Every structure is written in C-alpha cells, then in structure tokens.
Amino acid sequence: MKVLGIETSCDETAAAIVDGEGRILANRVLSQLEEHRPYGGVVPEIAARSHLDHLDRLIQEAFAEAGLGLDEIDGVAATAGPGLIGGVFVGVLTAKAMAAARGLPFIAVNHLEGHALTVRLTDEVAFPYLLLLVSGGHCQLLAVRGVGRYERYGTTIDDAVGEAFDKTAKLLGLGYPGGPLVEKAAARGNPARFSLPRPMLGRPELDFSFSGLKTAVRNQIEKLESFGEQDAADLAAAFQEAVGEVLADRAGRALIRFREETGSVGPLVVAGGVAANARLRARLQDCAGEAGTRLVAPPPALCTDNAAMIAWAGLERLRLGLTDPLTFAPRPRWPLDSLTAAA
Ligand code: KG4
Ligand code: ZN
C-alpha cells in the first residue's frame, strides 16, 4: 500500500509518499521561511499563495523521487486542519482533485494526528503511548490509544511552547524563527545566572503555561543596564532550562496517570517542532528513565512539519477503512480528541 501525503497548514509546503512497510519513498519539503522573515512571523495570505505556487511541482517531484506513477498509489491524504485555513484549502483541494480524477480514496488528516503517529512510522511504536506534542501552535499531553483514539490530559492555558521560544528569541534579538536560535545561543550561555519562574511546576492538573516565563525574560532584560550577546546567551540558557524542567515535571506526572489508566508502561513519545531541541530531549529522556520507560522522538526532520507524517497517518487510516468523502470541509480548529476512530 502506498499513500501520497500533502501538508500546507502553516509555512511548509510538502509532499511525500510512504508505503505500508513504513518506508519513506519520497519526502519533499519547501520552507517559506524567507518569504515570512521580513514580517517576523507567518503571514497567512502569503503562505496560502506560496503553497499554490509550489505544491503542484513538489507533488511531481515526489512521484519522480519515488519512481512511481499516479496510478501506483492507493490513496491521497492531505492535512485538513487545524491550521491557517487558506493554506489548508490549497492542500485539501489539490488532494480531492487528484482523488476524483483517479478514483482514489481521499483521507482528511488532522495535522496533530500526523505528529502523533510519526513514531509508528519511524520506530514502529505500538499503542498505547503517552504523547507530549510540542510545536509552534500546540503544547499538549495526550494518551494515544489507537488511530483516532486520543485522550487529552492537558494543554497550554496561554502560549504554545514553540510560540514561547519564538517570542523569547524576539525579546533576545535573536531573530526568526526562534526555537533553533534560542537553542544555539543557550549552548554558549550560563543557565544559572538568571533565575526564571517554572510555571505550573508541581501542580496536579496537567496543563502548561508559558506567558509568565516570557514576561520574566522581558523583565530581566529591562533590569540590565546594557544588553549584549552574552546576556542573550545566558537568558536563552535559563529560559531553555525552565522550559525543560516544566516539560519534564508535567510529562512525569502524566506518565503516572497514563500508567494508572492503561496499565501500560508504554513509552513517552515527544513530537512537534520543539522536539528537535536536543537539551529538551535530554530532560525528557531522564524523566522517562525515572518512570521506568523510554523516550521515543522522531529524527528532527520528522519533528518539524513535513508530509511524510501526513502520508503515514493517511495510510494508517486507509488500512482501517477510515476514508473521507470529497465533501469534507477543512477545519481551522480541530481538536485531536474529537477524531473518528475505527469501531
Ligand atoms: O511542528 P512545527 O514545525 O510547526 C507547527 O505545527 O507549529 O513547530 C514549529 C515550532 C516553532 O515555534 C519553532 O520555533 C519550534 O518549533 N522549534 C524549536 C526548535 N526547532 C523548532 N524550538 C526549540 N528548539 C528547537 N531546536
Ligand atoms: Zn506541526
């Protein structure tokens, strides 16, 4: 079985083909970074137009890379939400047109489910597992029981963690996008010089909060008489340490609940763009180890947005007969715990 996946929900235009054995036959990703950089963030209208300009070519390239023709795939999957709706429309309409023209099944994939199932493609992780989803738009802990079967344990009450990285990078004058730049600066910094808060640490509910941390960074900057490169590095390191401690605390508590509810010692899985951060991965690895389990994280290129994860989620759904009608409407908001699952 082979499925084409299309991803256009944010600022990556991507097309990929995967097969039932978990092989990635093609994986094309075009970042729109340079188009959005002058604005310091993703501009939805520019993103949608850029997807429209490049998607057809990327799909052709994916078929060429896989050495396959249009009639050799078994389904077409596209991110149908959540995300910037103009971009989502471009991907969904393209997928529907291809499915209609070739009589192929269409699969409307939830972008978050793409992140959630990636470790089944890369590491063949069996259900159930606990997922920490950390990206630019989301920060959630979910019990993953099966395809389409998710229970949300906690979410952010303000900023997503990637968003906090991006805003902190801006405050520190590091540029855009912030996550990788904060990580790079932090490597040269002393995390002990500044003391930053650990929002939600030790709280029994499993939610997150990051806006206070970002404000604390701003306050520290304002207290300094001058602000140089070393100050930015030290603050980046302190920020990253605070985030790491909070994520490990929340994930550790969630693992206890997950074990009580499922009776499983399934792994802690981390996914989403922020999971590309090596220091945070190390913290989560310790946390999983202390709980007697392991951490599984996809390779960084499959943590950030890509279409291989959409193709794979589509394939998992197709295998279960979970296809969608061509009338399926894209959804700007689409919580993961409202998905359809196999009976
Ligand atoms: O999953 P993703 O590619 O897109 C969304 O669906 O949001 O995640 C992008 C987010 C951005 O906020 C980016 O700053 C963050 O992931 N990110 C990182 C790192 N690489 C990307 N955050 C911390 N450390 C990194 N190395
Ligand atoms: Zn994403």
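Note that the structure is predicted; figures quoted are calculated from it, not measured.

So, how was this worked out
- Residues numbered from 1 in each chain as written.
- Chains lettered and ligands numbered in written order.
- Predicted model: local features only at pLDDT ≥ 70, side-chain atom pairs only at ≥ 80, totals over all residues.
- Heavy atoms only, no water.
- Pairing = 2+ DSSP bridges.
- Helix = DSSP H or I, 4+ residues; strand = E, 2+ residues; numbered from the N terminus.
- Axes fitted to C-alpha atoms, helices over the stretch in contact; angles between N-to-C directions.
- Phe/Tyr/Trp six-rings, centres within 6.5 Å; stacked < 30°, edge-to-face > 60°.
- Buried < 20%, exposed > 50% of the residue type's maximum accessible area, 1.4 Å probe, protein only.
- Lys NZ or Arg CZ within 6 Å of the ring centre and 35° of its normal.
- Right-handed = clockwise from strand over helix to strand, strands pointing away.
- Contact = heavy atoms within 4.5 Å.
- Salt bridge = Lys/Arg side-chain N within 4 Å of Asp/Glu carboxyl O.
- Parallel < 35°, antiparallel > 145°, perpendicular 65-115°, else oblique.
- Near = heavy atom within 4 Å.
- Polar contact = N/O pair within 3.5 Å; in protein donor to acceptor, adjacent residues only side chain to side chain.
- Areas by Shrake-Rupley, 256 points an atom, 1.4 Å probe, with all protein chains shown as cover.
- 1 Å grid on protein atoms, 1.4 Å probe; cavity = no way out; pocket = protein on both sides within 12 Å on 5 of 7 lines; lining within 4 Å.
- Sits in = over half its atoms within 2 Å of the grid points.
- Nonpolar A, V, L, I, M, F, W, Y, C, P; charged D, E, K, R; others polar.

### As for the sheet that holds strand β3 (residues 24–31)
- Pairing is mixed in the open sheet, where five strands are placed in the order β3-β2-β1-β4-β5. Single-partner strands in this sheet number two, and they are β3 and β5 (106–110). Across the sheet, the axes of successive neighbouring strands diverge by a mean angle of 20°, strand direction being ignored.
- Note: strand β1 (residues 2–7) against strand β4 (residues 75–81), four bridges, orientation parallel. Residue pairing in the sheet places V3 in a bridge with G75 of β4.

### As for the packing of aromatic side chains
- Under the definition given, this model contains four aromatic pairs.
- Between F127 and Y129, the aromatic rings sit 5.9 Å apart at their centres with planes inclined by 10°, giving stacked as the arrangement.
- Look at F165 and F239: their rings are 4.9 Å apart centre to centre, the planes differ by 85°, and that puts the pair in the edge-to-face class. Here F165 is found in helix α5 (residues 161–171), whereas its partner F239 is found in helix α8 (residues 229–262), with 74 residues between them in sequence. F239 carries the same exposure label as F165, and that label is buried.
- One cation-aromatic arrangement involves R120 over F127; the distance from NZ or CZ to the ring centre is 3.8 Å.

### Comments concerning the pairing of strand β9 (residues 268–271)
- The side-chain alternation of β9 yields two buried faces, one formed by L268 and V270 and the other by V269 and A271.
- Here β9 pairs with strand β10 (residues 295–296) via two bridges, running parallel. Following the sheet pairing, L268 is matched in β10 by L295.
- As a crossover connection, the stretch from β9 through helix α9 (residues 278–290) into β10 is right-handed.

### Here's the deal with the sheet that holds β10
- Across the sheet, which stays open at both edges, the five strands sit in the order β8-β7-β6-β9-β10 with mixed pairing between neighbours. The sheet terminates laterally at β8 (149–155) and β10, the two strands that pair on one side only.
- Looking at chain direction, strand β6 (residues 129–134) and β9 are connected through four bridges and run parallel. The partner of L131 across the bridge, within β9, is V269.
- Relative to the sheet, helix α4 (residues 111–122) contacts β6, β8, β9 and β10, its axis offset from that of β6 by approximately 130°.

### Section: the pattern of salt bridges
- Taken as a whole and assessed by the stated rule, the structure comprises 26 salt bridges.
- Across the pair R57 and E61 runs a salt bridge whose closest N-O atoms are separated by 3.0 Å. Of this pair, R57 and E61 both sit in helix α2 (residues 44–66), four residues apart, which is roughly one turn of the helix.
- Overall, R57 belongs to the partly exposed group, its relative accessible area being 37%.
- E245 is the salt-bridge partner of R198, the closest N and O atoms lying 3.0 Å from each other.

### A closer look at the packing of helix α6 (residues 178–186) against α8
- Running from N to C, α6 and α8 cross one another at 110°; their axes reach a closest spacing of 7 Å. Taken together, the axis directions place α6 and α8 in an arrangement best described as roughly perpendicular. Along the contact surface, α6 presents V182, E183, A185 and A186, while α8 presents A233, A236, A237, F239 and Q240.

### Describing the site of ligand 1
- Around ligand 1 lies a shell of 19 residues, among which G136, D166, G179, E183 and G273 are the nearest.
- In the environment of ligand 1, an oxygen atom lies 2.8 Å from a nitrogen or oxygen atom belonging to the backbone of G136.
- One of the backbone N or O atoms of G179 is found 3.0 Å from an oxygen atom in ligand 1.
- Protein contact buries 88% of the 550 Å² of open area that ligand 1 shows by itself.
- The site holding ligand 1 turns out to be the largest pocket.
- Looking at side-chain class alone, the shell around ligand 1 contains five nonpolar, 11 polar and three charged residues.

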